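Here is how the chains run, residue by residue.
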Amino acid sequence: MRPKKFFAVTLAVLSLTATIAVSGCKGCGDEVLPESDLGYFSFAVKVEDDGTRKAYITGLTDSGERQKVLVCPDSMGGGVKVYGLGYIRHFLVGSENMGRFHSDNLEKFFFPHMPREVEREPGPTFNFEKARPVWWDTSDIGKEFSISRAGAIYGYNYYRAKVTAGHYIEENSVIANVSFMYNYEGAENDGYFWVDSYDEDVITFIPPNPERPDYLFGGWYKEPECINRWDFERDRTGKELYIEEGSECDTYEGVYIYAKWISNT
């Protein structure tokens, strides 16, 4: 004869299972967030207990999958701030990564501002065969993740700050050899607006226009004095700069391109 304790435990488990089946296990885990499409991205919005709305990019739309270059947006769906690529759905036991990213065409994925919540492990599924992530925001040095097997492109100031802080950078990553500068005193992010990398080629992706209070953007120039315009159809960069074992890239030869500003006051 089996002990009474065994039957008591069995009945308790069956009772709990029945409750879960009937109620849908309310309170046992996070719900799947409804998704929407906007431009190149699919996204979901989570509302916290305090009313804060957080957007999470969950994938690419059909149009997004056709792009060779994408820029991670800072906000989605009416100005809701982006907090991550994918999100984690928690259960009573365990969790699930929500978010699937796929593209056979994507070559570069720019991150001018890193998402506010970055999950290194675990994270969403990325299937980008050719893509390289590009980031350079020195204020987010600790938030690093890889989205493909290809090397990342680091802004030079980002790279140097990581080396100084003792962080490891994978070999064969690329240091950007093109830096677009805000070109005014007190500009954010050490004066860097955008970075990119090309191998002795013309610059094919022109970044969005930078903004400055009380000024209009007047184009990109080869010197801080804004005398000669950068010709995006003819002017070429130098060679790509790869990180080699033990390299700190103390001698940096890159192209700096400067914004011109016109006062509107």
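Residues numbered from 1 in each chain as written. Predicted model: local features only at pLDDT ≥ 70, side-chain atom pairs only at ≥ 80, totals over all residues. Heavy atoms only, no water.

1. Details of the pairing of strand 7 (residues 87-90)
A regular strand places its side chains so that they alternate between the two faces of the sheet.
No. 1: Relative to strand 8 (residues 95-98), strand 7 is paired through four bridges, and the arrangement is antiparallel. Opposite Tyr87, over in strand 8, you have Met98 as the bridge partner. (Pairing = 2+ DSSP bridges. Helix = DSSP H or I, 4+ residues; strand = E, 2+ residues; numbered from the N terminus.)

2. Here's the deal with the pattern of salt bridges
No. 1: Taken as a whole, this structure holds eight salt bridges when the rule is applied.
No. 2: The residue Arg236 makes a salt bridge to Asp201 at a minimum N-O spacing of 3.7 Å. With a gap of 35 residues between them, Arg236 in the loop between strand 17 (215-221) and strand 18 (241-242) and Asp201 in the loop between strand 16 (192-196) and strand 17 connect regions that are remote in the sequence.
No. 3: Its salt-bridge partner being Asp231, residue Arg234 comes within 3.3 Å of it at the nearest N-O pair. (Salt bridge = Lys/Arg side-chain N within 4 Å of Asp/Glu carboxyl O.)

3. Description of the side chain of Ser179
No. 1: Within the fold, Ser179 resides in strand 15 (residues 178-181).
No. 2: Using a relative accessible area of 0% as the deciding quantity, one classes Ser179 as buried.
No. 3: Not counting residues within four places of it along the chain, the set of residues in contact with Ser179 comprises Tyr192, Trp194, Val195, Tyr252, Val255, Tyr256 and Ile257. (Buried < 20%, exposed > 50% of the residue type's maximum accessible area, 1.4 Å probe, protein only. Contact = heavy atoms within 4.5 Å.)

4. Digging into the sheet that holds strand 1 (residues 35-38)
Working definition: the strands of a sheet are paired by backbone hydrogen bonds and lie parallel or antiparallel to each other.
No. 1: Spatially, 1-2-3-6-5 is the arrangement adopted by the five strands of the open sheet, whose pairing is mixed. Pairing within the sheet leaves two strands with one partner each, and these edge strands are strand 1 and strand 5 (75-76).

5. Section: the nonpolar core
No. 1: Ile57, Phe109, Phe128, Phe180, Ile203 and Ile257 are the most contacted members of the largest nonpolar core, which has 55 residues in total.
No. 2: In terms of residue count, the dominant contributor to this core is strand 19 (residues 255-263) (five residues).
No. 3: With sequence-adjacent residues up to four places away left out, Phe180 is seen in contact with Gly191, Tyr192, Phe193, Trp194, Ile203, Pro207, Trp220, Phe232 and Ile257.
No. 4: Ranked by size, the runner-up nonpolar core spans six residues in total, among them Leu33, Ala44, Tyr83 and Tyr87. (Core = buried A, V, L, I, M, F, W, Y, C linked by side-chain atoms within 4.5 Å.)

6. Some thoughts on the packing of aromatic side chains
No. 1: Overall, the coordinates contain 23 aromatic pairs when judged by the stated rule.
No. 2: Seen in terms of ring centroids, Phe109 and Phe128 are 6.3 Å apart; in terms of plane orientation they differ by 65°. Their pairing is edge-to-face. One end of the pair, Phe109, is in strand 10 (residues 108-111); the other, Phe128, is in strand 11 (residues 125-128), with 19 residues separating them in the sequence. The residues Phe109 and Phe128 share a single accessibility class, namely buried.
No. 3: Taken together, a centroid distance of 6.3 Å and an interplanar angle of 65° make the contact between Phe111 and Trp135 edge-to-face. Of this pair, Phe111 sits in strand 10 while Trp135 sits in strand 12 (residues 132-135), placing them 24 residues apart in sequence. Each of the two residues, Phe111 as well as Trp135, counts as buried.
No. 4: An aromatic cluster of three or more residues is present, and its members are Phe110, Trp136, Phe180, Tyr182, Tyr184, Phe193, Trp194, Phe205, Phe217, Trp220 and Trp261.
No. 5: The ring centre of Tyr83 lies 4.8 Å from the NZ or CZ of Lys54, which sits over that ring.
No. 6: Above the plane of the ring of Tyr215 lies Arg212, whose end atom (NZ or CZ) is 3.7 Å from the centre. (Phe/Tyr/Trp six-rings, centres within 6.5 Å; stacked < 30°, edge-to-face > 60°. Lys NZ or Arg CZ within 6 Å of the ring centre and 35° of its normal.)

7. Regarding the sheet that holds strand 18
No. 1: Strand order in the open sheet made by the six strands is 4-10-12-13-14-18, with mixed pairing throughout. Both outer strands of the open sheet, strand 4 (69-71) and strand 18, are each paired with one neighbouring strand and no more.
No. 2: As judged from the two bridges shared by strand 13 (residues 153-154) and strand 14 (residues 174-175), these two strands associate in the parallel manner. In the strand pairing of strand 14, Tyr154 is matched with Ile175.

8. Regarding the environment of Asn105
No. 1: Topologically, Asn105 is positioned in the loop between strand 9 (100-103) and strand 10.
No. 2: Overall, Asn105 belongs to the partly exposed group, its relative accessible area being 32%.
No. 3: The spatial distance from the C-alpha of Asn105 to the C-alpha of Phe128 is 8.0 Å, given a sequence separation of 23 residues.
No. 4: Residues in contact with Asn105, not counting those within four places in the same chain, are Glu65, Arg66, Gln67, Lys68 and Lys130.

9. Comments concerning the confidence of the model for the protein
No. 1: Put simply, the protein has an average pLDDT of 83, and 82% of its residues get 70 or more.
No. 2: Averaged pLDDT values for the elements of the protein fall to 41 in helix 1 (residues 4-23) and rise to 98 in strand 17.
No. 3: Here residues 4-24 is a poorly scored stretch, pLDDT under 50, and it has three contacts once near neighbours within four places are set aside; other chains count. (pLDDT = per-residue confidence, 0-100.)

10. Details of unusual backbone geometry
No. 1: With phi around 55°, Asn189 is a residue other than glycine that occupies positive phi space.
No. 2: Looking at where Asn189 falls in the secondary structure, it is placed in the loop between strand 15 and strand 16.
No. 3: Judged by relative accessible area, Asn189 falls into the buried class, the value being 17%.
No. 4: A positive phi angle, near 60°, is found at Asp190, a position not held by glycine.
No. 5: Along the polypeptide, Asp190 turns up in the loop between strand 15 and strand 16.
No. 6: For Asp190, a relative accessible area of 56% puts it in the exposed group.

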